Amino acid sequence: MARKPGFPAQLDLPAAAARAARPAPAPLSAPAAAPQGLGLDSSAVRTRMVQKLAASGIRNATVLHAMATVERHRFVDSALVNQAYEDTSLPIGLGQTISKPSIVARMSELLLGAEAARGAGLGRVLEIGTGCGYQAAVLSCLAREVYSMERLRALHEKARDNLRPLRLANVHLLFGDGMLGYAQGAPYAGILAAAGGAAVPQAWTEQLAVGGRLVAPMALAGGQQALLVLDKTAHGLQQTLLEPVHFVPLKSGIA
Ligand code: SAH
């Protein structure tokens, strides 16, 4: 009887052949069926995506490696798989979107710039807005522990389904209002928000470690949004507003 491979894949091949068949770096995926429309191996399209990210200014090797590793097509609807490696946001249901790869890479790189990440790298990270779970999977390659919170139960469950086969032991999915943060995991070396509000909730700055960094879209007057980087130092908070961005709104409560 055919046995479904576990994770990591247990293939009934001689060891050398199995090694040769394994792509490097090993993608963060279950050995499930080949993705529709992407052929047997999606690593070539992902490599092209990463080359474009590097050409557009992403320098951090850890971020580029994470972007090459996480299979974005696993996080979008099957009808959208062919667009999974284009630099575009895509609908994930309930009016929400998966962020485009360039902004995921950009925010990840900014987060790694935290004072607290120097030396031993990023420790605990809080993500607000799990959505489909893609950014959380990328963060799992960059931080020791990832807490990711979503206010929409259906998306929290979708992310759980998407991430389950990847068995990322350092990703903790939480259902709740991220505006309150998650005190149990604090203090955080990094907080990343995937939804934009008009102000930074107090819980976020309270739960940030000294030396920690918050990266979040901020709503400006006139309906525009810009990327905010906020560093918590021993002398207080330092804010920098960067380029314009387009994120879904940060909302309070759960649904
Ligand atoms: N990082 C996600 C992007 C999801 S879009 C991904 O990789 O797919 C942003 C998400 O933020 C939406 O799912 C939205 O429901 C969620 N969100 C908005 N306000 C929130 C809040 N207060 N707490 C938790 N999640 C929130």
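Here the residue numbers are simple positions, counted from 1 along each chain's written sequence. Confidence filtering applies because this is a predicted model: local features only for residues at pLDDT of at least 70, side-chain atom pairs given and counted only at 80 or more, and all residues used for totals across whole chains, interfaces and linings. Side-chain descriptors were evaluated using all non-hydrogen atoms of the structure, hydrogens and water having been removed beforehand.

Caption draft 1: Representation of the packing of helix H2 (residues 43-55) against helix H3 (residues 61-69) within the structure. Running from N to C, H2 and H3 point in directions that differ by 155 degrees, and their axes come no closer than 8 Å. Of the possible angle classes, the one that applies to H2 and H3 is roughly antiparallel. For H2 against H3, the interelement crossing comes out right-handed. Of H3, the residues touching H2 (which contributes Arg46, Met49, Val50, Leu53 and Ala54) are Leu64, Met67, Ala68 and Thr69. Fitting a line to C-alpha atoms yields each axis, with helices limited to the stretch in contact; the angle taken between N-to-C directions then spans 0 to 180 degrees. The helix count covers DSSP runs of H or I at least four residues long, the strand count covers runs of E at least two residues long, and both are numbered beginning at the N terminus. Any angle that falls under 35 degrees is termed roughly parallel, while one over 145 is termed roughly antiparallel, one within 65 to 115 roughly perpendicular, and all others oblique. Helix crossings fall into two classes, left-handed where the near helix is turned counterclockwise from the far one by less than a right angle and right-handed where it is turned clockwise. The contact rule is simple, with two residues in contact once any of their heavy atoms fall within 4.5 Å.

Caption draft 2: Highlighting the site of the ligand. Of all residues adjacent to the ligand, which total 27 residues, the nearest are Glu127, Glu150, Asp177, Gly178 and Lys251. Polar contact is the term for a pair of N or O atoms within 3.5 Å; when the atoms are in protein, one must be able to donate a hydrogen and the other to accept it, and sequence-neighboring residues count only if both atoms are side-chain atoms. The contact in question runs from a nitrogen atom of the ligand to an N or O atom on the backbone of Arg151, over 3.3 Å. Computed with a 1.4 Å probe, the accessible areas rest on the Shrake-Rupley method; for each residue, only the protein chains presented here act as cover. Compared with its free state, where it exposes 580 Å², the ligand has 99% of that area covered by protein. Looking at the shell around the ligand element by element, the count peaks at 3 residues for strand S2 (residues 96-98). Residues of the shell around the ligand, tallied by class, amount to 13 nonpolar, 9 polar and 5 charged. Any residue with a non-hydrogen atom lying within 4 Å of a molecule or strand is treated as near it. Gly is put with the polar residues, along with every residue not named as nonpolar or charged; the nonpolar set is Ala, Val, Leu, Ile, Met, Phe, Trp, Tyr, Cys and Pro, and the charged set is Asp, Glu, Lys and Arg.

Caption draft 3: Region of the structure containing the nonpolar core. Among the buried residues, those of types Ala, Val, Leu, Ile, Met, Phe, Trp, Tyr and Cys that are joined through side-chain atoms within 4.5 Å form a nonpolar core. Note on classification: 1.4 Å probe, protein chains only; a residue is buried when its accessible area is under 20% of the maximum for its type, exposed when over 50%, partly exposed between these limits. Judged by nonpolar contacts, the single largest core of 54 residues is most densely connected at Met67, Phe75, Ile98, Leu122, Tyr134, Val138 and Leu163. Element by element, the count of residues in this core is highest for helix H4 (residues 101-112), at 7 residues. With residues up to four places along the chain from it excluded, the contact list for Met67 reads Arg46, Met49, Val50, Leu53, Pro101, Val104, Ala105, Tyr134 and Val138. With 19 residues, the next largest nonpolar core counts Tyr188, Ala193, Ala195 and Leu208 among its residues.

Caption draft 4: Here's a closer look at helix H6 (residues 153-163). Buried within H6 we find Leu155, His156, Ala159, Asn162 and Leu163. All buried residues of H6 project into a common sector of 125 degrees when viewed along the axis, lining one side. Lining the buried residues of H6 we find strand S1 (90-93), S2, helix H5 (134-140), strand S4 (143-150) and strand S5 (171-175). It is the directions from the helix axis to the C-beta atoms whose arc is reported.

Caption draft 5: Spotlight on the side chain of Ser102. Inspection of the secondary structure assignment puts Ser102 in helix H4. Those residues in contact with Ser102, other than ones at most four positions away along the chain, are Leu53 and Asp87.

Caption draft 6: Broad picture of the pairing of strand S10 (residues 236-244). Paired strands are those between which DSSP finds at least two bridges. Taken together, the 7 bridges between strand S9 (residues 225-233) and S10 define a ladder with antiparallel strand orientation. When the bridges of S10 are listed, Ala226 appears paired with Pro244. Once S9 ends, the chain turns through 2 residues before running back antiparallel as S10.

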